[in-house]
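Fold and geometry: a report
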Amino acid sequence: MPYVEGRIIHDADSHLMELPDCLDDYFDKAMLARYHALPIYKHKLGAPGWAERARAQHQDPEFRAGAEANILLRKNQQALGAFRPDDRPKAIDYLGFASQLVFTTFCLGNFQLEYGDDVDLAYAAATAHNRMMTDFCSVDRRLLGTGYVPLMDFERSAAAAKQAIELGAKALLIPSRCPKGHSPSHIGFDPVWRQAEEAGLPILFHVGGEEKLNPDYFVNGLPRVKDFHGGEENFTSVSFMPIPNSVMQTLACLIIDGAMDRFPRLKFGAIELGASWVPSWMRFMDSAAGAFIKNEERLTKLSAKPSEIAQRQVRVTPYPHEETGWIIRNSGPEMMLFSSDFPHVEGGRNPLKRFNDALEGCSRHEVDRFYCENFIDLMGEGLAPELRRPKHLIAA
């Protein structure tokens, strides 16, 4: 019996939980040693032997026999289909989702290479990721793999977008943090947006690509608190606060500088970056436009108010602990998307219940848009027509 029954739900955020050698077979051999020498790569390797234990666990018949019963209870590398591509279709069957957008975990943020000086390695790492991701997702059409495009160099970014699309990526992922030396709204990136629009694919942002909290905020004279995962180095209530800051600024620039108007059919998705910020962000942009329109010709050329352009082209995933109904009522029914974050711990053991509770008071139309229609709109040609509203899921 699948987790979701009798309805169509598209999952706008799921992950691989790759093992440390995930990119080795996909990296250009000339760049592999430079990749292995990265301090952040060495940090991600973790304690010796854990990857071998994870592989062995998924080869144990007794462990595998409990996969369906534990589909939302086993997290990270223990989850079915976390790193073994042949297992992932069965995971979707057990979950009951019509499709899943799939993101990396190991490679989130492209190892922060865009904020260093090794341009060649940054684009090589993105290429390796895109080969790995599209290869993994090729086992099932319901798996919608994302291809990463660094924003360091205009020509290389256009080439990276072209290659990702040709590999079969169903969406292009870019950092929400501002690149070095230029805005993400620079007209030099128009070839990237044009290719995505022509292919009918969205541009996505995901947590991990934002500017992180200044670590000095943790130096408060008090004992260090445990983070979300029980450690002391990652995710706390304070480091949670700036997560949407970069995407708010980047999306505002893409709207105000006219990029969205130049490509009005192009959709943008903010994934796992929260959504409580959206209503006030929309109104703050309108306030900025109203305050500066007398002095900025670009504002007079916008096709609509910034908030209306956002409603037309921006889609966002709330966290399950946010007041999703309130967000929809204050931003519009066309903007919010369901996400499970499978198999990450943050997604919880029953995301559907949490979102259903948060949607209490919403109309049937608003609920259908949240679980299905807004995702179809976001994904465009990245979601095959037969996957959009599968009749067998309605009749399940």
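Look a little higher up for the structure.
Summary of the structure given here. (Residues numbered from 1 in each chain as written. Predicted model: local features only at pLDDT ≥ 70, side-chain atom pairs only at ≥ 80, totals over all residues. Heavy atoms only, no water.)

Another aspect to go through is the sheet that holds strand 4 (residues 171-173). Across the sheet, 7 strands lie side by side as 1-2-3-4-5-6-7; this open sheet has parallel pairing. Lying at the two open borders of the sheet, with one neighbouring strand each, are strand 1 (10-15) and strand 7 (314-316). Averaged over all adjacent pairs, the angle separating strand axes in this sheet is 30 degrees, with direction ignored. Two strands pair when backbone bridges link them, and strand 2 (residues 99-103) and strand 3 (residues 143-148) are joined in this way by 3 bridges, in the parallel orientation. The residue of strand 3 that forms the bridge with Gln-100 is Leu-143. Contacts from helix 6 (residues 119-137) reach strand 2 and strand 3 within the one sheet, and its direction differs from that of strand 3 by about 175 degrees. (Pairing = 2+ DSSP bridges. Helix = DSSP H or I, 4+ residues; strand = E, 2+ residues; numbered from the N terminus. Axes fitted to C-alpha atoms, helices over the stretch in contact; angles between N-to-C directions. Contact = heavy atoms within 4.5 Å.)

Right, let's get into helix 17 (residues 364-379). A rise of 1.5 Å per residue sets the reference length of helix 17, with its 16 residues, at 22 Å; its end C-alpha atoms lie 22 Å apart and thus fit the reference within 8%. At Phe-370, helix 17 shows its largest kink, close to 60 degrees. Just beyond helix 17, the residue with positive phi is Gly-380, at close to 55 degrees. (Expected span 1.5 Å × (residues − 1). Bend = angle between axes of the 7 residues up to and from the residue.)

Phe-27, Tyr-35, Trp-193, Leu-251 and Trp-281 are the most contacted members of the largest nonpolar core, which has 100 residues in total. Per element, the largest residue contribution to this core is 10 residues, and it comes from helix 6. Ignoring sequence-local partners within four residues, the contact set of Trp-193 consists of Ile-174, Pro-184, Ile-203, Leu-254, Ala-259, Phe-263 and Leu-266. Core analysis: the second largest hydrophobic core is formed by 22 residues, Tyr-148, Leu-337, Cys-372 and Met-379 among them. (Core = buried A, V, L, I, M, F, W, Y, C linked by side-chain atoms within 4.5 Å. Buried < 20%, exposed > 50% of the residue type's maximum accessible area, 1.4 Å probe, protein only.)

By the definition in use, this model includes 24 salt bridges. The salt bridge partner of Arg-64 is Asp-87, with a shortest N-O separation of 2.8 Å. A residue pair is termed long-range when its members are at least 10 positions apart, and Arg-64 in helix 4 (residues 61-65) and Asp-87 in the loop between helix 4 and helix 5 (88-95) qualify at 23 residues. With relative accessibility at 32%, the residue Arg-64 sits in the partly exposed group. Here Asp-377 makes a salt bridge to Arg-315, at a shortest N to O gap of 2.8 Å. Taken as a pair, Asp-377 in helix 17 and Arg-315 in strand 7 lie far apart in primary sequence, 62 residues in all. Residue class for Asp-377 comes out partly exposed when judged on its relative accessible area of 29%. (Salt bridge = Lys/Arg side-chain N within 4 Å of Asp/Glu carboxyl O.)

With that out of the way, let us pick up helix 7 (residues 154-167). The terminal C-alpha atoms of helix 7, which comprises 14 residues, lie 20 Å apart, in line with the 20 Å expected from a rise of 1.5 Å per residue. Among the residues of helix 7, Ser-157, Ala-158, Ala-160, Ala-161 and Ala-164 are the ones counted as buried. Down the axis of helix 7, the sector holding all buried residues measures 160 degrees, keeping them to one side. Within helix 7, the exposed residues directed more than 90 degrees away from the buried face are Glu-155 and Glu-166. Buried residues belonging to helix 7 abut helix 6, strand 3, strand 4 and helix 8 (190-199). N-cap assignment for helix 7: the residue whose side-chain oxygen lies 3.2 Å from the backbone N of Glu-155 is Asp-153. Gly-168 lies just past helix 7 and shows a positive phi near 110 degrees. (Arc of directions from axis to C-beta. Polar contact = N/O pair within 3.5 Å; in protein donor to acceptor, adjacent residues only side chain to side chain.)

Before going further, it helps to examine the packing of helix 12 (residues 278-292) against helix 14 (residues 306-313). Relative to each other, helix 12 and helix 14 sit at 140 degrees, their axes nearing to 7 Å. By the angle class used here, helix 12 and helix 14 are oblique. Here Trp-281, Met-282, Met-285, Asp-286 and Ala-289 of helix 12 lie close against helix 14, whose contacting residues are Pro-306, Ser-307, Ala-310 and Gln-311. Looking at the contact of helix 12 with helix 14, its residues break down into 6 nonpolar, 2 polar and 1 charged. (Parallel < 35°, antiparallel > 145°, perpendicular 65-115°, else oblique. Nonpolar A, V, L, I, M, F, W, Y, C, P; charged D, E, K, R; others polar.)

What follows is about the packing of aromatic side chains. Applying the stated criterion across every chain, the model contains 16 aromatic pairs. Seen from their ring centres, Phe-27 and Tyr-35 are 4.5 Å apart, and the 20 degrees between their planes marks the pair as stacked. Take Tyr-35: its relative accessible area is 0%, and that puts it in the buried class. Residues Phe-240 and Tyr-319 carry aromatic rings whose centres are separated by 5.6 Å and whose planes lie at 45 degrees to one another, so their mutual orientation is tilted. In this pair, Phe-240 is assigned in helix 9 (residues 237-240) and Tyr-319 in the loop between strand 7 and helix 15 (324-331), connecting sequence segments 79 residues apart. When its relative accessible area of 26% is taken as the criterion, Phe-240 is described as partly exposed. Overall, the relative accessible area of 10% leaves Tyr-319 in the buried class. Connected via pairs of aromatic rings, a cluster forms that spans Phe-27, Tyr-35, Tyr-41, Phe-106 and Phe-111. If you follow Arg-74 out to its NZ or CZ, it ends over the ring of Phe-63, 3.7 Å from the centre. Looking at Arg-224, its charged tip hangs above the ring of Phe-218, at a distance of 4.7 Å from the centre. (Phe/Tyr/Trp six-rings, centres within 6.5 Å; stacked < 30°, edge-to-face > 60°. Lys NZ or Arg CZ within 6 Å of the ring centre and 35° of its normal.)

Mapped onto the elements of the fold, Trp-281 is located in helix 12. Using a relative accessible area of 5% as the deciding quantity, one classes Trp-281 as buried. For Trp-281 and Lys-170, which are 111 residues apart along the polypeptide, the C-alpha to C-alpha distance reads 28 Å. Once residues lying within four places of it in the same chain are set aside, the contact partners of Trp-281 are Met-248, Leu-251, Ala-252, Ile-255 and Ala-310.

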